[in-house]
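Examining the three-dimensional arrangement
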Amino acid sequence: MKTFAVIALSWILVAASLTAARRDHHGKQRHNPKRFNHTTPREASYGEIHLRADHYHRQLYGIYGADVWKYYVRNATLLLIRDQPPKRVGEPQGYYGCSRLPGNLDEIAQLNRSGVRWVGLVDRGDCMFYKKIQYAKELGSVGLLVRSKTDEIVLMSTIGNHIPSLMIRKTVGDAIQRDIADFGNGKIKIKVTRVLVEEMKERSTQQPAAYQESGGSKLFPSITCLLLSCLVFFSCTP
């Protein structure tokens, strides 16, 4: 009976350990900040964005605006839309795109005169989403990327606008701005394609091993092994 009790208790501990590890693993995935937020007012459409320059390629994802019905951009250039210089000394340069007269209007006009298709990059804030898209379209843009203030991205209200527009995470947008500083504004090529919702959800769950591991799932098996060792030791003693 003593041996049977030890074996039964061992199986119970192993089962509890596996259950805790599985629960912690799925909980870690649900709360992973690197995942897209699927709890949007409507079903989101996702875009896959490719940026290219000499010896450079960056792939990222964004969420299309709620009322967008054009999804694809090819053979275009990425352009950071700069606001007018700050009026007060010490104020940061803005990139909100809430005006028909941006600070780099001459740069935009040059692209338009050369027949270069371009996609704008602006920051979230200062005006409504549909206004940003409207102003970008009027300036000649064939698409718009909106950099979020955080790594949470939302479904933008883009009613009345008919150019591809996507929101991207802040950390990704910051990296792109640094790339633009390295290569020059209007020197990075951009391509945007649509990704099916099911495919995007599948990709978002495929996280690196570092994000799938959990602290609790490592500790519990260690305790289990210790308890099992003690049980075996005491069961073997007279």
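Higher on the page you've got the structure.
First, a word on what this report is: a plain description of the structure on this page. (Residues numbered from 1 in each chain as written. Predicted model: local features only at pLDDT ≥ 70, side-chain atom pairs only at ≥ 80, totals over all residues. Heavy atoms only, no water.)

**Focus on helix H4 (residues 170-183)**
Helix length check: H4 (14 residues) gives 20 Å between terminal C-alpha atoms against 20 Å at 1.5 Å per residue, within 8%. Of all the residues in H4, the buried ones are Gly173, Ala175, Ile176, Asp179 and Ile180. For H4, the buried positions fall inside an angular range of 160° around the axis, keeping them on one side. In H4, the exposed positions that point more than 90 degrees away from the buried face belong to Arg178, Ala181 and Asp182. (Helix = DSSP H or I, 4+ residues; strand = E, 2+ residues; numbered from the N terminus. Expected span 1.5 Å × (residues − 1). Buried < 20%, exposed > 50% of the residue type's maximum accessible area, 1.4 Å probe, protein only. Arc of directions from axis to C-beta.)

**Here we look at the nonpolar core**
One finds Ile49, Leu51, Leu78 and Ile190 to be the most contacted residues of the largest nonpolar core, which totals 23 residues. Going through the elements one at a time, strand E1 (46-53), strand E2 (56-64), strand E3 (73-80), strand E4 (118-123), strand E6 (165-168), H4 and strand E7 (188-195) are the ones with two or more residues in this core. Among the elements that make up this core, the one with the highest residue count is E3 (four residues). Ignoring anything within four residues of it in the chain, the contact list for Ile190 reads Ile49, His50, Leu51, Val73, Asn75, Ala76, Thr77, Leu78, Val119 and Leu145. (Core = buried A, V, L, I, M, F, W, Y, C linked by side-chain atoms within 4.5 Å. Contact = heavy atoms within 4.5 Å.)

**Here's the deal with the packing of aromatic side chains**
In total, this model carries two aromatic pairs according to the counting rule given. On the basis of an interplanar angle of 45° and a centroid distance of 4.9 Å, the ring pair of Tyr56 and Phe183 is categorised as tilted. One end of the pair, Tyr56, is in strand E2; the other, Phe183, is in helix H4, and 127 residues separate them in sequence. In this structure Tyr56 comes out as buried when scored by relative accessible area, which is 13%. Considering the side-chain rings of Tyr64 and Tyr71, the 4.9 Å spacing of their centres and the 90° angle between planes classify their relative orientation as edge-to-face. For Tyr71, a relative accessible area of 16% puts it in the buried group. Above the plane of the ring of Tyr71 lies Arg194, whose end atom (NZ or CZ) is 4.0 Å from the centre. (Phe/Tyr/Trp six-rings, centres within 6.5 Å; stacked < 30°, edge-to-face > 60°. Lys NZ or Arg CZ within 6 Å of the ring centre and 35° of its normal.)

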